[in-house]
Amino acid sequence: MSVLVLVLAVSAACCLGFGFVLQQNAAQKAPLGDFLSPRLLLDLMKVPRWLGGIGLMAAGMVLGAIALGQGQLSLVEPLLATNLLFALALSRRQTRQPLGPQGWAGLALLAGGVTTFIVAGEPQGGTALTSPLRHWLIIGVMVGLAALLTAWAKRSRLSSGPVLLALAAGLLYGVQDALTRVSGQRFGEGGLVELLTGWQPYAVLLLGVTGLILVQSAFETASLRMSLPALTAAQPIAGIICGVGFLGDRLRTDAGALAWEAAGLAGVVVGIVLLGMHPAMPSGATRRVPGVAQLQPARPS
């Protein structure tokens, strides 16, 4: 693994983690009438803390894009998942909660899972597949699943809606990362003209804005500990699927390697959940969303 890719990806994760915390701090105070509406972004643009969070997120995306240009998607995506470590660090500063056994266990599982997956899988670059059917099938499944999760979130109870929105956003961000890499390759091969004549950069922009609306809607309706783990877990999985599925990334496929790769990804997901549910993460306040069924407490008999 290139040291440059490692530094770029971890720096990107740092910016993303800090940015998510600042965004949620501001989004939880946004008007609930803007739920899942582009108006939400317009209202949040008036909040300096949110703009700071978006600035950090944009910096993280730029660093991530550079890392994707230097390394494989299957290598960079697990490293980007460490953004939760930095989000927890900033949240601990705000809430003054100790790390405790849960925090240390989550830290060990996330870091160990990322290391295990990379060492066992030995991600390598390859020739991107040119089959349009395979491209559109994988992208269609990811985007379609995100759409279903969003529709489900609008109808579900408030207790699960933010998680579903975060999962949907994570899937879109994973596809966005894959198309960002393709856009970088087009720019490297033919410059700006080659880049702008392809559909990929416009899809990157559309996915980014859509994902941002979903994330901010999740942030405004629930605590960070509900939404951020789902977002952080879904993005690398979607990115790895795209990387292996049509970008030509190669992982070791012998039985032993596959077992360790699966164990590594499982460790990443469990570590993300433990860290995301840590008491240091801001709990926020439960808020009512227009048009979304609310979880009603049981009445005593």
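Residues numbered from 1 in each chain as written. Predicted model: local features only at pLDDT ≥ 70, side-chain atom pairs only at ≥ 80, totals over all residues. Heavy atoms only, no water.

A.B. asks: Go over the overall build of the chain with me, naming the residues and quoting the values.
C.D. replies: Counting its regular elements, the chain contains eleven helices and zero strands. Reading the chain from its N end, one meets helices and strands in the order α-α-α-α-α-α-α-α-α-α-α. In terms of overall dimensions, the chain is globule-like: its C-alpha atoms have a radius of gyration of 19 Å, near the 19 Å expected for 301 residues. Principal-axis analysis of the C-alpha atoms gives the chain an extent of 60 × 45 × 40 Å. A burial count over the chain gives 50% of its 301 residues as buried. Long-range pairs, those at least 24 residues apart, make up 87% of the contacts in the chain between residues at least 6 apart in sequence. Surface summary for the chain: the accessible area is close to 13800 Å², and the carbon and sulfur share equals 68%. (Helix = DSSP H or I, 4+ residues; strand = E, 2+ residues; numbered from the N terminus. Rg over C-alpha atoms; globule rule 2.2 N^0.38 Å. Buried < 20%, exposed > 50% of the residue type's maximum accessible area, 1.4 Å probe, protein only. Contact = heavy atoms within 4.5 Å. Areas by Shrake-Rupley, 256 points an atom, 1.4 Å probe, with all protein chains shown as cover.)

A.B. asks: An account of the layout of surface pockets is needed here, citing residue identities and associated values.
C.D. replies: Its boundaries defined by the atoms lining it, the largest pocket holds a volume of some 550 Å³. Lining of the largest pocket is provided by 26 residues; of these, Met57, Ala58, Met61, Gln176 and Gly208 occupy positions nearest its centre. When residues of the lining of the largest pocket are traced back to their parent elements, those giving at least two are helix H1 (3-27), helix H3 (48-70), helix H8 (161-196) and helix H9 (200-221). Ranked by the residues each element gives to the lining of the largest pocket, the list is headed by H3, at ten residues. The residue makeup of the lining of the largest pocket, split by class, is 18 nonpolar, seven polar and one charged. Estimated volume of the second largest pocket: approximately 280 Å³. Residue lining of the second largest pocket: 13 residues in total, with Ala128, His135, Val182, Arg186 and Gln200 positioned closest to the centre. (1 Å grid on protein atoms, 1.4 Å probe; cavity = no way out; pocket = protein on both sides within 12 Å on 5 of 7 lines; lining within 4 Å. Points joined across faces, edges and corners; volume = space filled by probe spheres on them. Nonpolar A, V, L, I, M, F, W, Y, C, P; charged D, E, K, R; others polar.)

A.B. asks: How would you explain unusual backbone geometry if you had to name every residue and give the values?
C.D. replies: With a phi close to 45 degrees, Glu122 is a non-glycine residue in the positive phi region. Its relative accessible area of 40% is what places Glu122 among the partly exposed residues.

A.B. asks: Provide a residue-level description of helix H10 (residues 224-246), including the pertinent values.
C.D. replies: A rise of 1.5 Å per residue sets the reference length of H10, with its 23 residues, at 33 Å; its end C-alpha atoms lie 33 Å apart and thus fit the reference within 8%. In terms of burial, H10 is a largely internal element, 18 of the 23 residues being buried. In the segment just after H10, Gly248 is the residue with positive phi, at about 85 degrees. (Expected span 1.5 Å × (residues − 1).)

A.B. asks: Before we move on, can you summarise the environment of Ala120 with the specific residues and values?
C.D. replies: By secondary structure assignment, the location of Ala120 is in helix H6 (residues 100-121). For Ala120, a relative accessible area of 9% translates into the label buried. Through-space distance from the C-alpha of Ala120 to that of Trp199 is 35 Å; in sequence the pair is 79 residues apart. With near-sequence residues (within four places) excluded, Ala120 lies in contact with Arg252, Ala257, Trp260 and Glu261.

A.B. asks: Mind laying out the confidence of the model for the chain, listing which residues take part and the relevant values?
C.D. replies: Low-pLDDT stretches of the model should not have their predicted coordinates read in fine detail. Confidence along the chain averages 84 in pLDDT terms, with 91% of residues attaining 70 or more. Helix H5 (residues 83-95) is the least confidently modelled element of the chain, averaging 83 in pLDDT, while H3 averages 92, the highest of any element. (pLDDT = per-residue confidence, 0-100.)

A.B. asks: Which residues make up the environment of Gly106, and what are the values?
C.D. replies: Locating Gly106 in the fold gives a position in helix H6. Considered as a pair, Gly106 and Val269 are 163 residues apart in the sequence and their alpha carbons are 9.5 Å apart. Apart from the residues within four sequence positions on either side, Gly106 is in contact with Gly271, Leu274 and Leu275.

A.B. asks: Before we move on, could you go through the side chain of Ser74 and cite the residues and values that matter?
C.D. replies: Looking at the secondary structure, you find Ser74 in helix H4 (residues 73-80). Taking relative accessible area as the criterion, Ser74 reaches 0% and is therefore assigned buried. Every residue in contact with Ser74, bar those within four places of it in the chain, is listed here: Phe117, Pro123, Ile240, Val244, Asp249 and Leu251.

A.B. asks: Got a sec to walk through empty space enclosed by the protein? Specific residues and values, please.
C.D. replies: Overall, the coordinates contain two cavities of 30 Å³ or more when judged by the stated rule. A volume near 30 Å³ is recorded for the second largest cavity. Lining the second largest cavity are Glu77, Leu80, Ala81, Asn83, Thr232, Gln235 and Pro236. Those elements that place two or more of their residues in the lining of the second largest cavity are H4 and H10. In terms of residue count, the dominant contributor to the lining of the second largest cavity is H10 (three residues). In the lining of the second largest cavity, the residues fall into three nonpolar, three polar and one charged.

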